[in-house]
Amino acid sequence: MIISTTHSVPGYRVVKVLGIVTGMRVRTRGVLGRLAASVEALVGGRGEAYIEELKKARDEALQDMVAEASKLGANAVIGVNFETSEILEGFIVVTATGTAVVIEPEKHD
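Cut-offs and rules
- Here the residue numbers are simple positions, counted from 1 along each chain's written sequence.
- Residue-level local features of this predicted model are given only where pLDDT is at least 70; pairs of side-chain atoms are given and counted only at 80 or more, and the full residue set underlies all totals for whole chains, interfaces and linings.
- For side-chain calculations, the full set of non-hydrogen atoms in the structure is used, while hydrogens and water are omitted.
- Put simply, DSSP marks the helices as runs of H or I at least four residues long and the strands as runs of E at least two long, and each gets a number from the N terminus on.
- Whether two residues are in contact is decided by their heavy atoms: any pair within 4.5 Å suffices.
- Note on areas: Shrake-Rupley, 1.4 Å probe, and residue coverage restricted to the protein chains presented here.
- Each residue is placed in one exposure class: buried if its accessible area under a 1.4 Å probe, protein chains only, is under 20% of its type's maximum, exposed if it is over 50%, and partly exposed if it falls in between.
- Note on patches: the residues involved have over 30% relative accessible area and no salt bridge, like charges join within 9 Å, and the nonpolar side chains Val, Leu, Ile, Met, Phe, Trp and Tyr join within 5 Å.
- The rule for a salt bridge is simple: a side-chain nitrogen of Lys or Arg has to be within 4 Å of a carboxyl oxygen of Asp or Glu.
- One bridge is not enough; two strands pair if DSSP finds at least two bridges between them.
- Put simply, buried Ala, Val, Leu, Ile, Met, Phe, Trp, Tyr and Cys residues joined by side-chain atoms within 4.5 Å make one nonpolar core.

Overview of the overall build of the chain
Stage number 1. Assigned secondary structure in the chain consists of 2 helices and 4 strands.
Stage number 2. Reading the chain from its N end, one meets helices and strands in the order β-β-α-α-β-β.
Stage number 3. Relative to all contacts within the chain whose residues are 6 or more apart in sequence, the contacts with residues 24 or more apart total 77%.
Stage number 4. Roughly 7000 Å² of accessible area belongs to the chain as shown, and the carbon and sulfur atoms make up 56% of that amount.

Below, the structure is given as structure tokens:
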């Protein structure tokens, strides 16, 4: 499955648009994870606890989106976009959205 944030894939042409596909994941840190993140916030730094959770949520949302596209018969998802938000205290939502398509290599004479 080819995944692209652009609306085309170089060397390929879209032969069929199958529709919008979405994957969504909600994650939270446990009490100890939130405590570790709070300590990181006090002393400064990258906030590794939350970065790891965001990476996991992004990867899982992407996998869910690809699974939905596969069910439609797609071999690519184009125009992929990620959105991240927080609901309640400490719950993060990552959504991956794109257009499921069938592409084929361009033929050159």
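Back to the text.
What to know about the side chain of Thr 95
Stage number 1. Within the secondary structure layout, Thr 95 lies in strand β4 (residues 91-105).
Stage number 2. Of the residues examined, Thr 95 reaches a relative accessible area of 14% and is grouped as buried.

What about a nonpolar patch on the surface?
Stage number 1. Residues Val 26, Ile 87, Leu 88 and Phe 91 make up a contiguous nonpolar surface patch of roughly 370 Å² in combined accessible area.
Stage number 2. Looking at where Ile 87 falls in the secondary structure, it is placed in strand β3 (residues 76-87).
Stage number 3. The exposure class of Ile 87 is partly exposed, given its relative accessible area of 40%.

Let's talk about the sheet that holds strand β1 (residues 2-3)
Stage number 1. With mixed pairing, 4 strands are arranged side by side in an open sheet as β1-β3-β4-β2. Since the sheet does not close on itself, it has two edges, and those belong to β1 and β2 (12-28), each with one partner.
Stage number 2. Across 15 bridges, the pairing between β2 and β4 is antiparallel. Residue pairing for β4: Val 14 is matched across the bridge by Ile 103.

A look at the pairing of β4
Stage number 1. For β3 and β4, the ladder comprises 10 bridges, and the chain directions are antiparallel. Within the sheet, the bridge partner assigned to Glu 83 lies in β4 and is Thr 95.
Stage number 2. Linking β3 back to β4 in an antiparallel pair, the connection comprises 3 residues, with Leu 88 at a positive phi of about 55 degrees.

Section: the environment of His 7
Stage number 1. Locating His 7 in the fold gives a position in the loop between β1 and β2.
Stage number 2. Residues His 7 and Val 80 lie 73 residues apart in sequence; the distance between their C-alpha atoms is 8.4 Å.
Stage number 3. Leaving out residues up to four positions away in the same chain, His 7 has contacts with Ile 78 and Gly 79.

Re the nonpolar core
Stage number 1. If you look at the biggest cluster of nonpolar residues, it comprises 11 residues: Val 21, Ala 57, Ala 61, Met 65, Ala 69, Ala 74, Val 77, Val 80, Val 94, Ala 96 and Ala 100.
Stage number 2. Listing elements by their share of this core, those giving two or more residues are α2 (48-72), β3 and β4.
Stage number 3. Of all the elements, α2 adds the most residues to this core, at 4 residues.
Stage number 4. In this structure, Ala 74 is in contact with Met 1, Leu 18, Ala 69, Ala 100, Val 101 and Val 102, ignoring residues within four places of it in sequence.
Stage number 5. Counting 5 residues, the second-largest nonpolar core is a separate cluster that includes Val 9, Ala 76, Ile 78 and Val 101.

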